Amino acid sequence: MGVVELIILSIGLAMDAFAVAICKGLSMKKMQWKNAIIIGLYFGIFQALMPVIGYLLGINFQNKIANIDHWIAFILLGIIGINMIKESISKENNISTDSIKFKDMIILAIATSIDALAVGITFAFLKVNIIIAIILIGCITFIISVVGVKVGNIFGNKYEKKAEFAGGLILIFLGIKILLEHLQIF
């Protein structure tokens, strides 16, 4: 997986954090950059940490399932993408406050980065440079999250569902691309 694909993957993974950041921005009466940066740091750090955990898990199983690793990547990315699309279509609204307390933010950061854990497992099978991957994922998620807080504060929840839908599509297409490459179709 090259740098361009890692950037695209990072953007796709960041869409959950972006959607939550929009909610955080929406609930703020007045936009405060300090709070936006704190929110971005929570999401960026966890989004970078989870692939490392997944990668370490994947490395332990790599030799045992090397013949089907591309199918695992395809299935995991597909499931994550489909779930993101389902959530984007769902009529259910997530209730959010402008709190940036540790216990509130840690739950949101973990919840928005679970998909990155699964992606980290696929990194082990695809021989991805994990250092470059986590730097890109963390930095891109941080930037997108800070922007999300600002967008939420300005535009409200108009773009939240669209961002999550786009992120889901990106992950599904990356899964398909990985599968087609390993099957030597693409």
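First, a word on what this report is: a plain description of the structure on this page. Note that this is a predicted model, so its numbers are computed, not measured.

**Topic: the overall build of the protein chain**
Helix and strand content of the protein chain: six helices and zero strands. For the protein chain, the succession of helices and strands along the chain, N to C, is α-α-α-α-α-α. With 186 residues in all, the protein chain has 48% of them scored as buried. Residue pairs at least 24 apart in sequence account for 94% of intrachain contacts in the protein chain once pairs closer than 6 positions are excluded.

**Considering unusual backbone geometry**
Even without being a glycine, Lys127 presents a positive backbone phi close to 55 degrees. Assignment of secondary structure puts Lys127 in the loop between helix H4 (102-126) and helix H5 (130-155).

**Description of the packing of helix H2 (residues 33-61) against H4**
Two quantities define a packed helix pair, namely the angle between the axes and the distance from one axis to the other. Orientation of H2 relative to H4, taken along the N-to-C sense of each, is 35 degrees, at an axis distance of 6 Å. With respect to the hand of their crossing, H2 and H4 are arranged in right-handed fashion. When grouped by side-chain class, the residues that make up the contact of H2 with H4 number 23 nonpolar, six polar and one charged.

**Structural notes on the nonpolar core**
In this structure, Leu6, Leu9, Leu13, Leu77, Val119, Phe123 and Leu171 are the most contacted members of the largest nonpolar core, which totals 31 residues. Counting only elements with at least two residues in this core, the list comes to helix H1 (3-27), H2, helix H3 (69-89), H4, H5 and helix H6 (160-182). Ile39, Met105, Ile106 and Ala109 belong to the second-largest nonpolar core, a separate cluster that totals 15 residues.

**Some thoughts on a nonpolar patch on the surface**
A grouping of Ile68, Trp71, Ile75, Ile79, Leu183 and Ile185 is seen on the molecular surface, where their side chains present a nonpolar patch of about 560 Å² in accessible area. You can see Trp71 is positioned in helix H3. What makes Trp71 partly exposed here is its relative accessible area of 37%.

**Side note on the environment of Ala116**
The topology assignment puts Ala116 in helix H4. Ala116 sits in the buried class, given a relative accessible area of 0%. Placed 70 residues apart in sequence, Ala116 and Phe46 show a C-alpha to C-alpha distance of 8.8 Å. Sequence-distant contacts of Ala116, that is, excluding residues within four places in its chain, are made with Leu13, Gln47, Met50 and Pro51.

**Side note on the packing of aromatic side chains**
A complete count under the given rule lists two aromatic pairs for this structure. Their ring planes at 50 degrees and their centres at 6.4 Å tell us that Tyr42 and Phe102 sit as a pair that is tilted. Within this pair, whereas Tyr42 is found in helix H2, its partner Phe102 is found in helix H4, the two being separated by 60 residues in sequence. The class for Phe102 is exposed, based on a relative accessible area of 55%.

**What to know about the environment of Phe43**
The residue Phe43 is located in helix H2 in this model. When its relative accessible area of 1% is taken as the criterion, Phe43 is described as buried. Along the chain, Phe43 and Asp16 lie 27 residues apart, while their C-alpha atoms are 9.5 Å from each other. Ignoring any residue separated from it by four or fewer positions in sequence, one finds Phe43 in contact with Ala17, Val20, Ala21, Met105, Leu108, Ala109, Thr112, Thr141 and Ser145.

What counts as what
Residues numbered from 1 in each chain as written. Predicted model: local features only at pLDDT ≥ 70, side-chain atom pairs only at ≥ 80, totals over all residues. Heavy atoms only, no water. Helix = DSSP H or I, 4+ residues; strand = E, 2+ residues; numbered from the N terminus. Buried < 20%, exposed > 50% of the residue type's maximum accessible area, 1.4 Å probe, protein only. Contact = heavy atoms within 4.5 Å. Axes fitted to C-alpha atoms, helices over the stretch in contact; angles between N-to-C directions. Left-handed = near helix turned anticlockwise from the far one by under 90°. Nonpolar A, V, L, I, M, F, W, Y, C, P; charged D, E, K, R; others polar. Core = buried A, V, L, I, M, F, W, Y, C linked by side-chain atoms within 4.5 Å. Patch = residues over 30% accessible without salt bridge, like charges linked within 9 Å, V, L, I, M, F, W, Y side chains within 5 Å. Areas by Shrake-Rupley, 256 points an atom, 1.4 Å probe, with all protein chains shown as cover. Salt bridge = Lys/Arg side-chain N within 4 Å of Asp/Glu carboxyl O. Phe/Tyr/Trp six-rings, centres within 6.5 Å; stacked < 30°, edge-to-face > 60°.

Read these as geometric descriptors, not functional statements.
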